[in-house]
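Here is how the chains run, residue by residue.
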Amino acid sequence: MAASEQTERKDSYRYSYLWNMHKQCHHIPYNEVRVILQSLGYPVEHGVQKDVEFDKILRRLDPHNKGYVTYDIFVNFISREPSGEDPDKQLQESFLLLAKGKDYITSDELLDVFPPDVAEYCIARMELSKNTAVEGALDYSTFDIHIKHPKYTS
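The following refers to the structure shown.

Let's talk about the overall build of the protein
A tally of regular secondary structure across the protein gives eight helices and four strands. N-terminal to C-terminal, the α/β element order of the protein is α-β-α-α-β-α-α-α-α-β-β-α. Across the 154 residues in the protein, those meeting the buried criterion constitute 30%. Considering only intrachain contacts with a sequence separation of at least 6, the fraction spanning at least 24 residues in the protein is 45%. Carbon and sulfur atoms provide 53% of the accessible area of the protein, an area that totals close to 10100 Å².

Next up, the structure:
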């Protein structure tokens, strides 16, 4: 079997595993996050130095220490290449993921994935969407504009 076929097969198994985790609970416990990251080649084995690296990753994936990582956030994390991608684009892609592909997000969706104070911060910095009839739909593309240029937005 060629090396590329083996890699494709391993990736297929990983994504199947992740999908099954998602279907079961939508949350991935820390010990499972470590196992998946190890299988992807991240240096997160047990040990003092390795635990420091794992802790850094967990702070990004679970900044509020809930004890688990949501499926969507984890898939978003592992699908990103650390290639210096534009942070504004990353932000928009993250909201697109949270909005399940829609060009707007609702307050309820934000409150489902963020603690109330973080969700309210986001909601206060988004304009109502003009592209949908959904009541209260928020245009997440306006979020970074309100953060970078608060004087020039209403």
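Still to come is the rest of the account.
Examining the environment of Leu37
Relative to the helices and strands, Leu37 resides in helix α2 (residues 30-39). Residue classification places Leu37 among the buried residues on the basis of a relative accessible area of 0%. Here the alpha-carbon distance between Leu37 and Phe54, two residues 17 residues apart in the chain, equals 9.0 Å.

Let's talk about the side chain of Asp62
Within the element layout of this structure, Asp62 appears in the loop between α3 (48-61) and β2 (68-70). Within the buried set, Asp62 has no salt-bridge partner at all; the shortest N-O distance to an opposite charge, 6.0 Å, is to Lys66. When neighbours within four sequence positions are excluded, Asp62 is seen to be in contact with Tyr30, Gly67, Tyr68 and Val69.

Regarding the packing of aromatic side chains
The full count for this structure, using the stated rule, is three aromatic pairs. A centroid spacing of 5.2 Å and a plane angle of 70° characterise the contact between Phe95 and Phe143, whose relative ring orientation is edge-to-face. Taken together, the residues span a long stretch of sequence, with Phe95 in helix α5 (residues 87-98) and Phe143 in helix α8 (residues 143-148) at a distance of 48 residues. Residue Phe95 is classed as buried on the basis of its relative accessible area of 4%. For Phe143, a relative accessible area of 6% puts it in the buried group.

Regarding the environment of Tyr140
With respect to the helices, strands and loops of the structure, Tyr140 is situated in the loop between β4 (138-139) and α8. Of the residues examined, Tyr140 reaches a relative accessible area of 6% and is grouped as buried. C-alpha separation for the pair Tyr140 and Asp103, spaced 37 residues apart in sequence, amounts to 7.5 Å.

Section: unusual backbone geometry
Phi is positive for Asn65, which is not a glycine, with a value near 50°. Looking at the secondary structure, you find Asn65 in the loop between α3 and β2. Asn65 gets classed as exposed once you look at its relative accessible area, which sits at 64%. Here the phi dihedral of Lys100 falls at roughly 55°; this positive angle occurs in a residue that is not glycine. With respect to the helices and strands, Lys100 occurs in the loop between α5 and α6 (107-113).

Digging into the nonpolar core
If you look at the biggest cluster of nonpolar residues, it comprises 13 residues, and the most contacted ones within it are Val33, Leu37, Leu61 and Phe74. Counting residues per element, the ones that place at least two in this core are α2, α3 and α4 (71-79). It is α3 that provides the largest number of residues to this core, a total of four residues. If we ignore the near neighbours within four places in the chain, the residues touching Leu61 are Val33, Val69, Ile73, Phe74 and Phe77. In this structure, Leu98, Ala99, Ile123 and Phe143 belong to the second largest nonpolar core, which totals twelve residues.

The rules behind the values
Residues numbered from 1 in each chain as written. Predicted model: local features only at pLDDT ≥ 70, side-chain atom pairs only at ≥ 80, totals over all residues. Heavy atoms only, no water. Helix = DSSP H or I, 4+ residues; strand = E, 2+ residues; numbered from the N terminus. Buried < 20%, exposed > 50% of the residue type's maximum accessible area, 1.4 Å probe, protein only. Contact = heavy atoms within 4.5 Å. Areas by Shrake-Rupley, 256 points an atom, 1.4 Å probe, with all protein chains shown as cover. Lys, Arg positive; Asp, Glu negative; His and termini not counted. Salt bridge = Lys/Arg side-chain N within 4 Å of Asp/Glu carboxyl O. Phe/Tyr/Trp six-rings, centres within 6.5 Å; stacked < 30°, edge-to-face > 60°. Core = buried A, V, L, I, M, F, W, Y, C linked by side-chain atoms within 4.5 Å.

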